Amino acid sequence: MSGQRTPSPLPEPQLAFAAQLRELRRRTFNEPTEETLARKMGCARSTVSAILNGRRFPSWPHTAAFVETCGGITKDWQERWLQAKRQNDELRQSSKGSATAVARMPIVEGLHATGEAMLAARWYRNNREFYEAASERVRQARSEIRVTYTRRYPPTQYTTRASAEYFASILGWAGEDSDDERCVRRVIGVPEHGGSPDKDMLSWARQHYKDSKHILNYEANVLRWTASADGLNMALIDDRVVFLAFSGGPRQKLNGLSIEDPTFMSYFTAYFDQLWAALQPLGTYLGEVDGNRYDKPE
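Residues numbered from 1 in each chain as written. Predicted model: local features only at pLDDT ≥ 70, side-chain atom pairs only at ≥ 80, totals over all residues. Heavy atoms only, no water.

1. A look at the overall build of the protein chain
Across its full length, the protein chain carries 10 helices and 10 strands. Each of the 298 residues in the protein chain was classed as buried or not, and the buried ones make up 45%. By sequence separation, contacts in the protein chain at least 24 residues apart represent 71% of the contacts at least 6 residues apart. (Helix = DSSP H or I, 4+ residues; strand = E, 2+ residues; numbered from the N terminus. Buried < 20%, exposed > 50% of the residue type's maximum accessible area, 1.4 Å probe, protein only. Contact = heavy atoms within 4.5 Å.)

2. Re helix H9 (residues 262–277)
The end-to-end C-alpha distance of H9 is 22 Å, a good match for the 22 Å that 16 residues give at a rise of 1.5 Å each. Buried within H9 we find Thr263, Phe264, Met265, Phe268, Thr269, Phe272, Leu275 and Trp276. Two to three positions downstream of the cap, the backbone nitrogen of threonine 263 sits 3.1 Å from a side-chain oxygen, assigning the N-cap of H9 to aspartate 261. (Expected span 1.5 Å × (residues − 1). Polar contact = N/O pair within 3.5 Å; in protein donor to acceptor, adjacent residues only side chain to side chain.)

3. Things to note about the pattern of salt bridges
For the coordinates displayed, the defined rule picks out 25 salt bridges. Aspartate 273 is the salt-bridge partner of arginine 146, the closest N and O atoms lying 3.5 Å from each other. In this pair, arginine 146 sits in strand E3 (residues 144–149) while aspartate 273 sits in helix H9, placing the two residues 127 residues apart along the sequence. One salt bridge connects glutamate 165 with arginine 161, and the closest N-O pair in it is separated by 3.2 Å. Here the residue glutamate 165 and the residue arginine 161 both occupy positions in helix H7 (residues 161–175), the gap between them amounting to 4 residues, near one helical turn. What you see here is one network of salt bridges that share partners, running through Arg56, Glu144, Arg146, Arg185 and Asp273. (Salt bridge = Lys/Arg side-chain N within 4 Å of Asp/Glu carboxyl O.)

4. With respect to the pairing of strand E9 (residues 254–259)
Here is the key point about a regular strand: its side chains alternate between the two faces of the sheet. With 5 of 6 residues buried, E9 is to be regarded as a mostly interior element. Direction of pairing for strand E2 (residues 119–124) relative to E9: antiparallel, over a ladder of 4 bridges. When the bridges of E9 are listed, tyrosine 124 appears paired with glycine 256. Here strand E8 (residues 241–247) pairs with E9 via 6 bridges, running antiparallel. From the neighbouring strand, leucine 244 faces E9, where its bridge partner is leucine 257. (Pairing = 2+ DSSP bridges.)

5. Here's the deal with the packing of helix H2 (residues 34–41) against helix H4 (residues 60–69)
It is the contact of H2 with H4, at a shortest axis distance of 9 Å, that shows an interaxial angle of 125°. In terms of axis orientation, H2 runs oblique to H4. Between H2 and H4 the crossing geometry is right-handed. In contact with Leu37, Lys40 and Met41 of H2, H4 contributes His62, Ala65, Phe66 and Thr69. Partitioning the contact of H2 with H4 into residue classes produces 4 nonpolar, 2 polar and 1 charged. (Axes fitted to C-alpha atoms, helices over the stretch in contact; angles between N-to-C directions. Parallel < 35°, antiparallel > 145°, perpendicular 65-115°, else oblique. Left-handed = near helix turned anticlockwise from the far one by under 90°. Nonpolar A, V, L, I, M, F, W, Y, C, P; charged D, E, K, R; others polar.)

6. Structural notes on the side chain of histidine 208
Looking at the element boundaries, histidine 208 is found in helix H8 (residues 199–212). When sequence neighbours within four positions are dropped, the list of residues in contact with histidine 208 reads Leu171, Arg186, Ile188, Tyr218 and Leu282.

7. As for the environment of valine 48
Summarising the element assignment, valine 48 is placed in helix H3 (residues 45–52). Taking relative accessible area as the criterion, valine 48 reaches 1% and is therefore assigned buried. Taking the C-alpha atoms as reference points, valine 48 and proline 58, separated by 10 residues in sequence, lie 8.8 Å from one another. In this view, valine 48 contacts Glu34, Leu37, Ala38, Met41 and Cys43; residues no more than four positions away in its chain are not counted.

8. Overview of the side chain of threonine 63
Residue position: threonine 63 is located in helix H4. At 2.9 Å, the side chain of threonine 63 forms a polar contact with the backbone oxygen of serine 59. Discounting chain neighbours no more than four positions away, the residues touching threonine 63 are Phe17, Pro58 and Trp81.

9. What to know about the packing of aromatic side chains
Applying the stated criterion to the full structure yields 15 aromatic pairs. Ring centres of phenylalanine 17 and phenylalanine 57 lie 5.5 Å apart, and the angle between their planes is 45°; on these two criteria the pair is classed as tilted. With phenylalanine 17 in helix H1 (residues 12–26) and phenylalanine 57 in the loop between H3 and H4, the pair connects residues that are 40 residues apart, well separated along the chain. The pair formed by phenylalanine 17 and phenylalanine 57 is uniform in burial state, with each residue classed as buried. Seen from their ring centres, tyrosine 131 and phenylalanine 167 are 6.4 Å apart, and the 45° between their planes marks the pair as tilted. One end of the pair, tyrosine 131, is in helix H6 (residues 127–140); the other, phenylalanine 167, is in helix H7, and 36 residues separate them in sequence. With respect to burial, tyrosine 131 and phenylalanine 167 carry one shared label: buried. Aromatic ring contacts, followed pair by pair, group Tyr124, Phe130, Tyr131, Tyr149, Tyr166, Phe167, Trp204 and Phe243 into a single cluster. Looking at arginine 80, its charged tip hangs above the ring of tryptophan 77, at a distance of 4.2 Å from the centre. (Phe/Tyr/Trp six-rings, centres within 6.5 Å; stacked < 30°, edge-to-face > 60°. Lys NZ or Arg CZ within 6 Å of the ring centre and 35° of its normal.)

Everything listed is a geometric property; what it means functionally is a separate question.
Now the structure itself:
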């Protein structure tokens, strides 16, 4: 593929809705900070910033919490939100119709291919190669990381140095003292057996919540995972590269590939955002399972 593609402009309905939220905030007595809004909305500060700048369209729960914090009436905002969402969805569907179908794009190794019908993929032969490459790209990230973890065993049972460094690098990047607006969102699949969560995975999830709840730029949602197999895991770094991991058999066996292509990545980004919106925050999930109240610190 030759040249760099120009990023798609942000949808006009999304920008207009963001402007309305900014105006509501400006009219609020003692205008709330992004940190205050993040705590009330149960999300990262960078998420609030992205919503206010029009780079991300908020979910209704986030919108309702924002409006309530700014002294607005939530029922008066629901129709505004629905209208903006419908317009965004219509624009997204029309753009998908004009995009080149990923299914028609054969994947080739190493060299960039010429023509729109080819993608360039980098293949990783084993656990170490995959995680080392992913860790390096995490450290280079500028604004947003989206990751999934849907495996039968918790990360603590994968003992390779490379995998441990990868998981540490994501929390480290989210917690860095930086002027950059950054956000990490992770989908965690918790296996269930007969309706009960796997005890090892649940124990890890509790510890992970304790380790990450103080990081305002980090969020985790839970997918109740009922399949007796690993899922397809992915890491979407900024809007530049997608890592796809394939596992199975022995616990340490994992390989995968990475692709840098805006169109290819847009499909996985849309899938991730759809999945994310349907899931519970990790703290809420643990509260239901354990019968306790899990809250972000004030």
